[in-house]
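Residue-level listing of the chains:
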Amino acid sequence: MNGLILSMFVSTILSGVIATVRDRSVILWTILGVLTGPIAVGLLLCMPSRKAVLPPISIRSLASEIRELEELRERGLLSDDEFAQGKARVLASPLKSEIPPALPPNRALSDSGWTWASYQPATRAAFLDLAQRHRLNLQWRDDVPFEVVCTFPVQPRLSFSITLALEKGSIHCWGDGWAFDGAAVGNPGNGLPADLAEGLDALLARSGRLLLRTTYRDPSPFWISLQVQRSGRWRTVRSQAGIPIPPLWRRIVIRNDAV
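About the criteria used
Residues numbered from 1 in each chain as written. Predicted model: local features only at pLDDT ≥ 70, side-chain atom pairs only at ≥ 80, totals over all residues. Heavy atoms only, no water. Pairing = 2+ DSSP bridges. Helix = DSSP H or I, 4+ residues; strand = E, 2+ residues; numbered from the N terminus. Axes fitted to C-alpha atoms, helices over the stretch in contact; angles between N-to-C directions. Buried < 20%, exposed > 50% of the residue type's maximum accessible area, 1.4 Å probe, protein only. Contact = heavy atoms within 4.5 Å. pLDDT = per-residue confidence, 0-100. Salt bridge = Lys/Arg side-chain N within 4 Å of Asp/Glu carboxyl O.

> Please clarify how the sheet that holds strand E9 (residues 249-254) should be interpreted in this entry.
Paired through their backbone hydrogen bonds, the strands of a sheet run either parallel or antiparallel. Judged by pairing direction, the sheet is antiparallel, and its 4 strands sit side by side in the order E8-E7-E6-E9 without closing on themselves. Edge positions in the sheet fall to strand E8 (233-240) and E9, since each has one partner strand and no second. The average angle at which neighbouring strand axes cross in this sheet is 30 degrees, direction not considered. Where strand E6 (residues 208-215) lies against strand E7 (residues 223-230), 6 bridges are found, and the strand directions are antiparallel.

Take a look at the structure:
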């Protein structure tokens, strides 16, 4: 009898230890170790571990990126101009510690040498086109640390000001008490993201609106929606959401009420 109790005790401890090592349910296999003894231990030893073996992640740096471009140029796969464009792209792109190469060989040969400056002409033209279509005046600014910045001030056809800015291939948009984070343009020839362009068109044409949600203690909105009217209903084309703390909020609607 004492031997049986000792066997159950040893099997229970072994089952718990092996279950922990193999990332199995400790409670379940401890109970099975009490009931079935060595059988549970044998089953656990035969079962594979649930722990996934992750491959090591190589940490890259700007220097390693540029060295790879130099090797491609020495092998004749990149011209001097393509190397210069690729180097500028690597230096402009924010690198993190655990990412794939910012400019692998296939991208260096297929991206036509784009840099962040490639986005500026089309974006500047899109800002001008938006102002001309809605017969608005705009102001180019150099007091904001972005690449291309313009503001549509309050004027006869606009009841509130809007600022648009380009920064590293993304468009930022903000006004008094609200702001949208950067929206990626995609191709440098696009000028503006399609959803943002649609929403701004409707907002300036008085058929769109901004819907803000703010908590009672914080004037900054935790939720911003740019909406257009389709089929008699408001449809959100771009939004930025957060969590209200405390969970009590109010709605603020911003519309272009200028005549």
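Picking up where we left off.
> What exactly am I supposed to notice about the side chain of Thr214 here?
Looking at the secondary structure, you find Thr214 in strand E6. Among the residues examined, Thr214 registers a relative accessible area of 1% and is labelled buried. Discounting chain neighbours no more than four positions away, the residues touching Thr214 are Pro219, Ser220, Pro221, Phe222, Leu248, Trp249, Arg250 and Ile252.

> Explain the pairing of E8 to me, please; I cannot follow it from the model alone.
Relative to E8, E7 is paired through 7 bridges, and the arrangement is antiparallel. Paired with Val228 across the strands is Arg235, a residue of E8.

> Before we go on, may I ask you to explain the confidence of the model for the chain in this structure?
Any segment with low pLDDT has predicted coordinates that should not be analysed in fine detail. On average, residues of the chain carry a pLDDT of 76, and 67% of them reach 70 or more. In this model residues 52-58 is a low-confidence stretch, pLDDT under 50, and it forms 2 contacts with partners more than four residues away in sequence or in other chains. Note that pLDDT drops below 50 for residues 95-110; the model gives that stretch 30 contacts with residues more than four away or on any other chain.

> In this structure, what is going on with the pattern of salt bridges? I would like to understand it.
Two side chains bearing opposite charge may form a pair once their charged atoms approach each other closely. In total, this model carries 5 salt bridges according to the counting rule given. A salt bridge links Asp143 to Arg141, with the nearest nitrogen and oxygen atoms 3.1 Å apart. The salt bridge involving Arg238 is made with Asp195; its shortest N-O contact spans 3.1 Å. Taken together, the positions of Arg238 in strand E8 and Asp195 in helix H8 (residues 194-204) put the pair 43 residues apart, joining distant regions of the chain. Residues joined in a network through salt bridges with shared partners are Asp129, Arg133 and Asp201.

> What exactly am I supposed to notice about the sheet that holds strand E1 (residues 139-140) here?
With antiparallel pairing, 5 strands are arranged side by side in an open sheet as E1-E2-E3-E4-E5. Looking at strand neighbours, the two that pair on one side only are E1 and strand E5 (178-184), the edges of this open sheet. Pairing of strand E4 (residues 170-175) with E5, which is carried by 5 bridges, proceeds in the antiparallel orientation. Bridging across to E5, Gly175 finds its partner in Trp178. In this fold helix H7 (residues 120-133) packs onto E1, strand E2 (148-152), strand E3 (162-167) and E4, with an angle of close to 5 degrees to the strand it touches most, E2.

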